[in-house]
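# Fold and geometry: a report
Residues per chain are reported as follows:
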Amino acid sequence: MNNIPKYINFSKIGSSQLGFITVAEAQKNVPFDIKRVYWTYYTPQDVIRGGHAHKELQQVIFAVSGTIEFYTEDLKGNKNNFILDSPEKGLYIPRLIWRNIQFSHNAVLLCLASELYDENDYFRDYNEFKTYKDD
Ligand code: TYD
């Protein structure tokens, strides 16, 4: 169940009169312990980011502002795309998922990550990823 990317719908607490709050909690609506949080912003609309997969890292990602589109592929060749266009919509990305990411001009991506940053956890070469044998 936890080896495919999927949306997680978070609660939207509040009202359009007062505004909203959305809460992410480790091992509750986020299926791992959160070790790192990062956010990206000011990404030009014509840039495609990502272009990598992770050996162990799991992530839940939000577009807290704007729209972010993910193109994903797993080791079996299953391809999907996901659109984050609302701050209460999360995308769970398990380990071993290649992804490309495109941003609207105003997008702010928030990522909850299961591990600290480790460049050795990255596949940055698509062929190396696709030929990886997961035991
Ligand atoms: P990367 O994960 O490749 O970003 P994207 O998928 O958005 O293109 O990271 C971009 C750069 O930032 C890369 O040089 C590594 C660095 N980085 C850190 O130093 N720490 C971090 O926690 C992250 C996510 C990236």
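Scroll up a little and you will see the structure.
Note that the coordinates shown come from a computational prediction; the quantities given were computed from them, not determined experimentally. Each chain has its residues counted from 1, following the order in which its sequence is written. Local features are withheld for residues below a pLDDT of 70 in this predicted model, meaning they are given only at 70 or higher, and side-chain atom pairs are given and counted only at 80 or more; totals for whole chains, interfaces and linings count all residues.

## Here's the deal with the nonpolar core
By definition, a nonpolar core groups buried Ala, Val, Leu, Ile, Met, Phe, Trp, Tyr and Cys residues that are joined through C-beta atoms within 7 Å. Residues with at least 20 neighbouring C-beta atoms inside 10 Å of their own are called buried, those with 12 or fewer are called exposed, and the rest are partly exposed, where every C-beta is derived from the backbone. Ranked by size, the top nonpolar core spans 19 residues in total, and within it Val60, Ile61, Ala63, Ile68, Leu84 and Leu91 carry the most contacts. In this description a helix means any DSSP run of H or I spanning at least four residues, a strand means any run of E spanning at least two, and both kinds are numbered starting from the N terminus. Elements with a contribution of two residues or more to this core: strand E6 (59-65), strand E7 (68-74), strand E9 (89-93), strand E10 (97-103) and strand E11 (108-113). Take this core: its biggest share by element is four residues, from E6. When near neighbours in sequence (up to four residues on either side) are disregarded, isoleucine 61 contacts Leu84, Gly90, Leu91, Ile93, Leu109 and Cys111. Note on contacts: residues are paired as contacts if their backbone-placed C-beta atoms lie within 7 Å.

## Some remarks on the environment of arginine 124
By the element assignment, arginine 124 lies in the loop between strand E12 (122-123) and helix H1 (126-130). We classify arginine 124 as exposed; it has 10 C-beta atoms within 10 Å. In this structure, the C-alpha to C-alpha distance between arginine 124 and glycine 51, residues 73 residues apart in sequence, is 6.5 Å.

## Comments concerning the site of the ligand
In this entry, near means the residue's backbone-placed C-beta atom lies within 6 Å of the molecule or strand. The local shell around the ligand consists of Tyr38, Thr40, Arg49, Gly50, His52 and Tyr117. Mapped by element, the contributors of at least two residues to the shell around the ligand are strand E4 (36-40) and strand E5 (48-54). Considering each element in turn, the shell around the ligand owes the most residues, three residues, to E5. In this count, Pro and Cys sit with the nonpolar residues alongside Ala, Val, Leu, Ile, Met, Phe, Trp and Tyr, while Asp, Glu, Lys and Arg are called charged and the others, Gly among them, polar. Class assignment for the residues of the shell around the ligand results in two nonpolar, three polar and one charged.

## Some words on the sheet that holds E11
For two strands to be treated as a pair, DSSP must find at least two bridges joining them. Pairing is antiparallel across the open sheet formed by five strands, whose spatial order is E1-E9-E6-E11-E4. For this open sheet the edge positions go to strand E1 (6-9) and E4, each flanked by a neighbour on one side alone. Pairwise comparison of adjacent strand axes, ignoring direction, gives a mean angle of 25° for this sheet. Looking at chain direction, E6 and E9 are connected through four bridges and run antiparallel. Paired with phenylalanine 62 across the strands is glycine 90, a residue of E9. Between N-to-C directions, angles cover 0 to 180 degrees, with each direction set by a line fitted to C-alpha atoms, over the stretch in contact for helices.

## Considering the sheet that holds E10
Taken together, the five strands give an open sheet; going across it, the order is E8-E7-E10-E5-E12, and neighbouring strands pair in antiparallel fashion. Single-partner strands in this sheet number two, and they are strand E8 (79-84) and E12. Relative to E10, E5 runs antiparallel, the two sharing four bridges. The residue bridging histidine 52 from the neighbouring strand is arginine 99, located in E10.

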